[in-house]
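Understanding the architecture of this molecule
The residues making up each chain are set out below.
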Amino acid sequence: MRSPLAFALPLTLVLPLALTALAPAAGATAPTPAPSPGGAAPPTVEEARLDRAAPQEILRRSGFDRLAPEFGAALTRARTFAEAERTASGFGGRLWRKAVDRAQGRGPAGGDLSRSDDRPLYWARLTLTRELRGWQPGFGLTEEGRSRLLDRLERSSRGQDAIDYPAGKGMKRILLTGFDPFTLDRDTRIGNPSGATALALDGTVLRTADGSLARVETAVFPVRWQDFADGTVERTLRPHLPEADLFTTVSQGRPGRFDVERTNGAWRGGFPDNANVSRTGTVPVAGDPARQPQWTSTTLPYAAITAAVTGRFPVYDNTSVTEVPAGADTPVVRPDGPTPGSAARAGAGGDYLSNEIAYRATLLRDRLGLTGRLPGGHLHTPVLEFGPGNTDPTTGTVTDPAFVRNRLDIIAQVRAILAVAAAER
């Protein structure tokens with residue numbers, strides 16, 4: 001996931017323009033209002049977008065608009081915090097399974113929206129979190145308790161607590177992550193092909209290029225700086241990286257191309273997230289800051305991936321970074337990667353949350369002592385584009401044939417890339 005203006009502009013121009021376009025002011029933040037003690041919490045910035053026309057149409061045309069009333073009714077039946085916790089976790093898991101089943105052709109489609117669409121999951125999750133945020137139970141519920149319930153709902157509805165590989169040997173294990181849609185104030189119709197890929201591939205078995213079989217398990221992450229600072233990536237991936245044979249974090253990148261990002265940087269560039277919050281500075285990770293590396297590297301087999309024919313989009317080995325060289329104070333672009341002792345200002349995948357998830361996942365790989373045996377890194381997909389004549393967010397439709405075809409082609413090509421990468425393991 002790159003900031004959407006990063007495709008054609010230099011970094012020095014991208015950040016000010018992006019922050020001006022999508023944030024209240026350059027560098028400003030828009031924190032979520034704190035809930036009143038003992039009372040309901042106000043909707044978040046993300047939840048407030050639910051009432052716009054496009055989200056409502058997406059929910060209606062997928063059948064995902066029916067979940068929030070059922071969830072609200074279930075919450076009213078909860079008489080204790082433990083019952084509420086089971087309800088939140090249960091409905092979150094039900095939403096994830098419903099989205100995966102729909103994407104993989106199981107059960108009713110619920111409407112005429114393409115089964116490959118990731119957007120119903122995103123908007124339906126927000127209907128549930130808004131329901132939970134506004135719920136006032138008969139028993140005492142603290143701010144901490146409500147936050148815990150929201151966390152259970154978030155994790156379970158993203159598949160983060162459902163990663164489960166079969167026991168035994170004979171099948172390789174692939175871990176893949178995707179993201180929510182983002183830049184929704186620009187266009188609430190936007191989807192994210194990485195999230196769609198996660199839904200399409202979760203629990204599936206693919207045949208690799210060498211003829212072996214591989215099981216794919218997936219999860220989806222929010223586009224929010226604070227969740228990453230709170231350790232959601234490490235909490236989700238830590239139990240599963242030691243048992244994986246390959247992992248790749250995936251996000252939406254540049255138009256018309258895939259990129260295997262060679263190097264990840266320890267820097268947040270400040271582009272606003274889905275909560276309209278901006279963060280700039282070193283990526284905050286646990287441990288001694290003095291020992292935190294400025295750069296981490298992919299161990300994906302990028303040469304094999306870029307050489308293979310995997311689909312209609314070209315695939316590039318992207319080695320460029322932006323750094324502040326040792327002893328200097330001005331950022332420069334390095335097409336061939338960082339120089340010794342430099343400070344990161346953008347990895348190959350930029351300075352947004354896609355770079356950060358790649359940095360966190362590969363740093364976790366290294367800290368777990370898996371560097372030499374576990375291929376892993378980041379893959380940027382092409383931008384999921386609407387068809388010609390349907391690019392205006394104010395007059396355009398929520399879907400069109402080219403939009404669906406582009407998403408299906410991206411999903412198919414990610415699957416083919418995984419088959420090549422897993423064969424090299």
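Residues numbered from 1 in each chain as written. Predicted model: local features only at pLDDT ≥ 70, side-chain atom pairs only at ≥ 80, totals over all residues. Heavy atoms only, no water.

The next thing to look at is helix H5 (residues 81–103). The terminal C-alpha atoms of H5 lie 33 Å apart, and with 23 residues this matches the ideal 33 Å at 1.5 Å per residue to within 8%. Looking one or two residues beyond H5, the residue adopting positive phi is Gly105, at roughly 85 degrees. (Helix = DSSP H or I, 4+ residues; strand = E, 2+ residues; numbered from the N terminus. Expected span 1.5 Å × (residues − 1).)

One non-glycine residue, Thr183, lies in positive phi territory at about 55 degrees. Summarising the element assignment, Thr183 is placed in the loop between strand E1 (172–179) and helix H8 (193–201). In this model, Asn276 sits at a positive phi of 60 degrees, which is unusual for a non-glycine residue. By the element assignment, Asn276 lies in the loop between strand E7 (267–269) and strand E8 (280–282).

Here we take up the sheet that holds strand E13 (residues 343–346). Taken in spatial order, the three strands of this open sheet run E12-E11-E13, and their pairing is antiparallel. Only two strands of the sheet have a single neighbouring strand rather than two, namely strand E12 (332–334) and E13. The mean inter-strand angle of the sheet, taken between neighbouring strand axes irrespective of direction, is 45 degrees. The pairing of strand E11 (residues 321–324) with E13 spans three bridges and is antiparallel. The residue of E13 that forms the bridge with Glu323 is Ala344. (Pairing = 2+ DSSP bridges. Axes fitted to C-alpha atoms, helices over the stretch in contact; angles between N-to-C directions.)

Now for the packing of aromatic side chains. Evaluation of the coordinates by the stated rule reveals 10 aromatic pairs. Measuring from centroid to centroid gives 6.0 Å for Phe182 and Tyr352, while their planes differ by 45 degrees, and the two rings are tilted. With Phe182 in the loop between E1 and H8 and Tyr352 in the loop between E13 and helix H12 (353–367), this pair connects stretches of sequence that are 170 residues apart. Judged by centre distance (6.2 Å) and plane angle (65 degrees), the rings of Phe258 and Phe313 are edge-to-face. Here Phe313 lies in the loop between helix H11 (302–307) and strand E10 (315–318) and Phe258 lies in strand E5 (residues 258–261), a separation of 55 residues in the sequence. By relative accessible area, which is 10% here, Phe313 ends up buried. Connected via pairs of aromatic rings, a cluster forms that spans Phe182, Trp225, Phe271 and Tyr352. (Phe/Tyr/Trp six-rings, centres within 6.5 Å; stacked < 30°, edge-to-face > 60°. Buried < 20%, exposed > 50% of the residue type's maximum accessible area, 1.4 Å probe, protein only.)

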